[in-house]
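# Fold and contact review
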Amino acid sequence: MKAEHLEIYDHDSDVDITHKINTTELDNWINHIKYIQTELNNLIAIYRAISQNAEADGVLNKLSKKQIENQTLLTALNKYVLLRSNLIECDDMQCDMVYITEHESYRRSYLYHIDKYRRLKDEVFGAIHAKLTL
């Protein structure tokens, strides 16, 4: 299921609609994580450019760790996309529920990652502001 081609029809069951919404949501998560990767690269470049001792204060280390975490989540989400290709073969509610439950688990992981990233980004912007106002 490719998210941009999904339409909800009157004859779709609630489970079909849930799967379509989850597919679209997954596509959005992946796009967001890819954007965060670009943003992390930019934050690292900016921080290095304005900091005379960037390696010593720990901010770059935190950003580098977040890059690794971000890539790990992106890899997991891309693998999950492949797993969801078997969704079409579900022929009972129990099978559907496995996919729905798994999606909820990925949603929690994604939201946790975003929350931690936002906190780090606030910290980095605070550090950048402090360096610029010296």
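See the structure above.
So, a few notes on the structure that sits alongside this text. The model shown is predicted, which means the values in this text are computed figures rather than measured ones. (Residues numbered from 1 in each chain as written. Predicted model: local features only at pLDDT ≥ 70, side-chain atom pairs only at ≥ 80, totals over all residues. Heavy atoms only, no water.)

## Describing the overall build of the protein chain
Filter applied, for reference: The numbering of helices and of strands both runs from the N terminus, where a helix is a DSSP run of H or I of at least 4 residues and a strand a run of E of at least 2. Atoms counted for the radius of gyration: C-alpha only. Globule rule: 2.2 Å times the number of residues to the power 0.38. Exposure classes here rest on a 1.4 Å probe applied to the protein chains alone. A residue is buried below 20% of its type maximum, exposed above 50%, and partly exposed in between. By definition, residues are in contact when any of their heavy atoms lie within 4.5 Å. We score Asp and Glu as negative and Lys and Arg as positive, and we do not count His or the chain ends. A charged residue contributes its charge at one atom only: NZ of Lys, CZ of Arg, CG of Asp or CD of Glu.
Along its length, the protein chain carries three helices and zero strands. The secondary structure elements of the protein chain, listed N-terminal to C-terminal, are α-α-α. The C-alpha atoms of the protein chain give a radius of gyration of 19 Å, which is well past the 14 Å a tight globule of 134 residues would have. If one aligns the C-alpha atoms of the protein chain with their principal axes, the spans along those axes are about 65 × 25 × 20 Å. Out of the 134 residues belonging to the protein chain, those deemed buried represent 35%. Taking contacts inside the protein chain between residues at least 6 apart in sequence as the whole, the part at least 24 apart equals 67%. Separation between the mean location of the 16 positive side-chain charges and that of the 21 negative ones in the protein chain comes to 12 Å.

## A word on the environment of Gln67
The line we're drawing: By the criterion applied in these results, polar contacts are pairs of N or O atoms within 3.5 Å in which, for protein atoms, one can donate a hydrogen and the other can accept it, and in which residues neighboring in sequence qualify only through two side-chain atoms.
In this structure, Gln67 sits in helix H2 (residues 59–84). Given a relative accessible area of 18%, Gln67 falls into the buried group. Beyond its immediate chain neighbours, meaning those up to four positions away, Gln67 contacts Gln37, Leu40, Asn41 and Ile44. Of the polar contacts made by the side chain of Gln67, one reaches the side chain of Asn41; its length is 2.5 Å.

## Some remarks on the side chain of Asn22
Structurally, the position occupied by Asn22 is in helix H1 (residues 14–50). Overall, Asn22 belongs to the buried group, its relative accessible area being 4%. Residues contacting Asn22, with those up to four places away along its chain left out, are Arg84, His103 and Arg107.

## Some thoughts on H2
Formally: Each helix should span, by expectation, one fewer than its residue count multiplied by 1.5 Å.
Taking 1.5 Å of rise per residue, 26 residues should cover 38 Å, and H2 covers 37 Å from first to last C-alpha, within 8% of that figure. Those residues of H2 that sit buried are Val59, Leu60, Leu63, Lys66, Gln67, Asn70, Leu73, Leu74, Leu77, Tyr80 and Arg84. Each element contacted by the buried residues of H2 is listed here: H1 and helix H3 (93–132).

## Thoughts on the environment of Gln71
Among the structural elements, Gln71 can be located in helix H2. A residue is classified by how much of its surface remains accessible, and Gln71, at 37% relative accessible area, is partly exposed. Between the C-alpha atom of Gln71 and that of Ile33, which follows or precedes it by 38 residues, the distance is 8.1 Å.

## Quick word on the side chain of Asn70
The residue Asn70 is located in helix H2 in this model. In this structure the side chain of Asn70 is engaged in a polar contact, spanning 2.6 Å, whose partner is the side chain of Gln37. Among all residues touching Asn70, those that are not within four sequence positions of it are Ile33, Ile36, Gln37, Leu40 and His113.

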